[in-house]
Amino acid sequence: VDGPAAVDPPPALVSTVDPSYFDVFQVPLLVGRSFEPGDQQEGASAVIVNRAFARRILGTEQALGRRFQLPGIAPEGGPVDGPTYEIVGIVEDMFVRERQPDVTTPAVYRPHRPGLPVGMITVRTRGTMEEIASRVREIAMDVLPAGSGVEISPMASAYFGAPQEDARGLLVSIISLITLSVLLLAAAGISALMSFAVTQRQRDIGIRTALGAPRGRIIASIFSRACRQVG
């Protein structure tokens, strides 16, 4: 990075996107400009970053015009200096987790050049995924080579791994339920033990009460024995 940068910066996600990408997701442009047709030409250096990239990697949100370099890989497999990019725009953070709004991943968005392969197409619809999945699959098969497969999934699954999070939440719920059951059983056992102990000592307690023993001392003797057993 040219100029100052954050100490020990986190990894950043680098994505190649269509110029209409931010319009599809209705992500606001904070400063700078969107991609232009000239940015899709070979050798163009314009990129757009999110707020988290400016804040967590550059150390400032005044990142417009800053330049940085991405690492490349040599044919023999070693690291080499990659292309240099210039930040022409900053967008709001995307795909913010509701439970972790402060850990948004820094992101760099490069413009997709016509003719290059496409890994994922995002479709914004008014209906649910189940309602439009078959039609989207038909359209995709019309333009893809024969034998190509089409996998359709919601964005939550693509970016957040929703099934894994659901499974993790279910596991936490099960463990919590088991723990609560164990605590209830333990409490019931302690209650029964104390009840049995008090029943066995009724005569002793009655004599001590008749001889003037303070109520607090009698209660303390009962609970102290139970606490030693619990310990």
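Residues numbered from 1 in each chain as written. Predicted model: local features only at pLDDT ≥ 70, side-chain atom pairs only at ≥ 80, totals over all residues. Heavy atoms only, no water.

Caption draft 1: Seen up close, the side chain of D93. Along the polypeptide, D93 turns up in the loop between β5 (79–91) and β6 (107–111). Within the structure, the side chain of D93 is placed 3.3 Å from the side chain of N50, a separation counted as a polar contact. A distance of 2.9 Å separates the side chain of D93 from the backbone nitrogen of A52, its partner in a polar contact. Dropping the residues within four chain positions of it, D93 is found in contact with N50, R51, A52, R55 and T104. (Helix = DSSP H or I, 4+ residues; strand = E, 2+ residues; numbered from the N terminus. Polar contact = N/O pair within 3.5 Å; in protein donor to acceptor, adjacent residues only side chain to side chain. Contact = heavy atoms within 4.5 Å.)

Caption draft 2: Layout of the environment of S224. Of note, S224 is situated in helix α7 (residues 215–230). Polar contacts involving the side chain of S224 include one to the main-chain carbonyl oxygen of S221, which spans 2.9 Å.

Caption draft 3: Examining the pattern of salt bridges more closely. Counted under the stated rule, the structure contains eight salt bridges. Residue E36 is joined to R33 by a salt bridge in which the shortest nitrogen-to-oxygen separation is 3.9 Å. A relative accessible area of 27% means that R33 is categorised as partly exposed. A salt bridge links R51 to E92, with the nearest nitrogen and oxygen atoms 2.8 Å apart. Here E92 lies in the loop between β5 and β6 and R51 lies in helix α2 (residues 51–56), a separation of 41 residues in the sequence. Assessed through its relative accessible area of 23%, R51 is described here as partly exposed. Where salt bridges share partners, they join R33, E36 and D39 into one cluster. (Salt bridge = Lys/Arg side-chain N within 4 Å of Asp/Glu carboxyl O. Buried < 20%, exposed > 50% of the residue type's maximum accessible area, 1.4 Å probe, protein only.)

Caption draft 4: View of the packing of helix α6 (residues 202–210) against α7. Orientation of α6 relative to α7, taken along the N-to-C sense of each, is 155°, at an axis distance of 10 Å. The orientation of α6 relative to α7 falls into the category roughly antiparallel. As for how α6 packs across α7, the hand of that crossing is right-handed. Between α6, through I205, R208 and T209, and α7, the contact on the second element is made entirely by R217, I218, S221 and I222. (Axes fitted to C-alpha atoms, helices over the stretch in contact; angles between N-to-C directions. Parallel < 35°, antiparallel > 145°, perpendicular 65-115°, else oblique. Left-handed = near helix turned anticlockwise from the far one by under 90°.)

Caption draft 5: Spatial organisation of the layout of surface pockets. In this structure, the largest pocket spans a volume of roughly 870 Å³. Around the largest pocket sit 28 residues that line it, and M120, I121, T122, V123 and E151 are the ones nearest its centre. Taken together, the elements giving at least two residues each to the lining of the largest pocket come down to α1 (21–25), α3 (129–143) and α4 (155–160). With six residues, the top contributor of residues to the lining of the largest pocket is α3. The residue makeup of the lining of the largest pocket, split by class, is 19 nonpolar, seven polar and two charged. In this structure, the second largest pocket occupies an estimated 430 Å³ of space. (1 Å grid on protein atoms, 1.4 Å probe; cavity = no way out; pocket = protein on both sides within 12 Å on 5 of 7 lines; lining within 4 Å. Points joined across faces, edges and corners; volume = space filled by probe spheres on them. Nonpolar A, V, L, I, M, F, W, Y, C, P; charged D, E, K, R; others polar.)

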